[in-house]
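Summary of the model geometry
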Amino acid sequence: MTEKELEIDDLITDAMATPSPAKSMGDPGITPLSPTHILKDSEENEPPRHHFVVVVAIDFGTTSSGYAYAFTKEPECIHTMRRWEGGDPGVSNQKTPTTILLTPDKKFHSFGYAARDFYHDLDPTESKQWLYLEKFKMKLHTTANLSIDTDLHAANGKKVKALDIFAYALAFFKEQALKELSDQAGAEFDNADVRWVITVPAIWKMPAKQFMREAAYKAALVTRENPDQLIIALEPEAASIYCRKLRLHQMVDLGSKTALNGYSPTDNAGVGMTQGDRYVVVDCGGGTVDLTVHQIRLPEGHLKELYKASGGPYGSIGIDYEFEKLLCKIFGQDFIDQFKIKRPAAWVDLMIAFESRKRAATPDRSNPLNINLPFSFIDYYKKFRGHSVEHALRKSNVDFVKWSSQGMLRMSPDAMNALFKPTIDHIIQHLTELFDRPEVTDIKFLFLVGGFAESPLLQQAVQNMLQGRSRIIIPHDVGLTILKGAVLFGLDPSIIKVRRSPLTYGVGVLNRFVEGKHPPEKMLVKDGMRWCTDVFDTFISADQSVALGETVKRSYTPAKPSQQVIVIHVYCSEKESVTFITDPGVRKCGSLKLDVSGTESPAARREIQTLMQFGDTEIRAMAVDVATSRTVKASIDFLGQ
């Protein structure tokens, strides 16, 4: 500790030497002693590194998932998983659909194409008993008070625990990857030699990230005792790491609309990145769209985030919902709801048929798109309504959709483009707002990544919006960009040196009451001392830059010497400056737990020094008993366990 810091500490400790009254924070009387914000050499607090043999990244997507890996001895060589059986026509199957099937007694049965095909082949009476889930990842983004007990609904309407489903999926990938690694090595591959990386959207809140980690513990990917074996990576960050390494023959420049050839493929500055270049990564997936702004710092090529991650639930499944709305308009919401429950496998078939047509939509298409209606749809509709599908189409006032003689829905290109419009409009609105921000100027490149980036309709909309302000680059293997970047991130997690905090975090404390400064209703008198309650002690502010390894330091004192656990409520807000924990927009979002059992000390007043790190993809806490220098078990929980 530097002399200067000691002085600051002493001043603050003296000023607040009175132990705080128990009311202090809805917590057992805790007084903050030392609000110092210091940049620490991160090595000091890190346990000795385990040397992993391989990094395996799992891209757990809303619509499709996959894994990739690289051996630490040859980091340049990234292997994407073996090809899957049973791919769809017109869809490249490096990844598998994020679909899962459980037996009627809720045991794991299969994942991906295998789950879909098996479910499809079940007899309709049987299939109603089986639990089939798809597109379930979005639930983690949309659930406001996510907890370990959050439920998901299978296609047959039955409830299952989300944690179980996520754990089953991760266990499936663990098994596949270890099997592939064992086959390569010619011997059983040890899970302890694997560093796992799981990707999540950058706009996810802390509870959702923690939920993924809990699912990984449940799937035995890693153990709680060894949390560092798993890294949570942010999807657009992974994409960014991969994009800045792109060689010229690995991408398409939308401006010139051709693969950038004619240059030496060994030229690493494929995109021509130079010191200080700023670029935006637009990660358009199935569920979410994530926007990040990075600046490159050479020679090491470290990355710095210039503006907090933004985006929203504007992924390509929005188009599926629009299609569903269209069907409801034509055939009636009551019929569609019934059909989904009574013929779940046929509904899945219909959506698969739509998916392949969705990929055929282009801005300049003139011929109609035909969508095959499953026989059971036509049949069930007649039973349900007493008239034919054809009659319904004629009667409905939906223009652009006709019935073709081959028993198909015939959509005009305009009808298809209309289904894309709401989702694309959201993305463009978001991009426009981002580019209007003062921090986001001189953007040299815009990288369009994620499965949805392949859509020519989206590409054209982005081009029209940017009007040539930045070069739009699309990597060739756009659906695998995140996977490959996540492997690179797992090999060197320190590559992103500076991030921006998405929220303001802090705790409630007591301060000496100052007349004229503090509102009288916040005054509390204890032992003749006047205190101001509910003061928000800011750990970090929204959009503040945080360097990797930078820590926020606070000291806390147990209210009673016998106290075993200190629990401190953590509050957050989207606003940059917060005065009181009762301010509008401030909510309790987690708790900091300090396990002080077994560290009894003779000192009259124990001081527990807590270090929190906000510069990583997850928020971390460490703590030390100052008198004995013993480590205190510290954890930050955002799932309210």
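Note that residues are indexed from 1 along each chain, following the sequence as it is written. Only residues with pLDDT of at least 70 get local features here, since the model is predicted, and only at 80 or more are side-chain atom pairs given and counted; chain-wide, interface and lining totals rely on the full set of residues. Where side-chain values are given, they derive from all heavy atoms of the structure, hydrogens and water being excluded.

Take the sheet that holds strand E6 (residues 99–102) next. A sheet is described by the order of its strands in space; here three strands give the open sequence E7-E6-E8, paired in antiparallel fashion. The open sheet has two edge strands with one neighbour each: strand E7 (108–111) and strand E8 (131–134). Averaged over all pairs of adjacent strands, the angle between their axes in this sheet comes to 20°, without regard to strand direction. When E6 meets E8, the two strands line up antiparallel, connected through four bridges. Across the sheet, residue Leu-102 finds its bridge partner in E8, namely Leu-131. By definition, two strands form a pair when at least two bridges between them are found by DSSP. Segments assigned H or I by DSSP are reported as helices when at least four residues long, segments assigned E as strands when at least two residues long, and all are numbered from the N terminus. Comment: axis = line fitted to C-alpha atoms, over the contacting stretch for helices; angle = value between 0 and 180 degrees taken between N-to-C directions.

The next point concerns the sheet that holds strand E18 (residues 369–372). One open sheet accounts for three strands, arranged E18-E20-E19; its pairing is antiparallel. The open sheet has two free edges, formed respectively by E18 and strand E19 (401–404), since each of these has just one partner strand. When the angles between neighbouring strand axes are averaged without regard to direction, this sheet yields 30°. Bridge count for E18 against strand E20 (residues 408–411) is four bridges, and the pairing is antiparallel.

By definition here, a salt bridge exists when the distance from a side-chain nitrogen of Lys or Arg to a carboxyl oxygen of Asp or Glu is within 4 Å. The tally for this structure, following the rule as stated, stands at 28 salt bridges. Salt-bridge contacts for Lys-218 lead to Asp-164; the nearest nitrogen and oxygen are separated by 2.9 Å. On the criterion of sequence distance, the pair formed by Lys-218 in helix H6 (residues 206–218) and Asp-164 in helix H5 (residues 162–185) is long-range, its members being 54 residues apart. Here Asp-616 ties to Arg-620 by a salt bridge, and the two come within 3.3 Å at their closest N and O atoms.

It is worth spelling out unusual backbone geometry at this point. Backbone geometry places Lys-106, a non-glycine residue, at a positive phi of 65°. Any residue under 20% of the maximum accessible area for its type is buried, any over 50% is exposed, and the rest in between are partly exposed; the area is computed with a 1.4 Å probe on protein chains only. For Lys-106, a relative accessible area of 40% corresponds to the partly exposed category.

It is worth spelling out the nonpolar core at this point. Working definition of a nonpolar core: buried Ala, Val, Leu, Ile, Met, Phe, Trp, Tyr and Cys residues. They are joined through side-chain atoms within 4.5 Å. Phe-323, Leu-446 and Phe-447 are the most contacted members of the largest nonpolar core, which has 98 residues in total. No other element matches helix H13 (residues 413–435), which puts ten residues into this core. Working rule for contacts: check all heavy atoms of both residues, and any pair within 4.5 Å makes them a contact. When neighbours within four sequence positions are excluded, Phe-323 is seen to be in contact with Leu-350, Met-351, Phe-354, Ile-371, Leu-409, Met-411 and Leu-419. Core analysis: the second largest hydrophobic core is formed by 51 residues, Phe-60, Ala-169, Phe-172 and Ala-216 among them.

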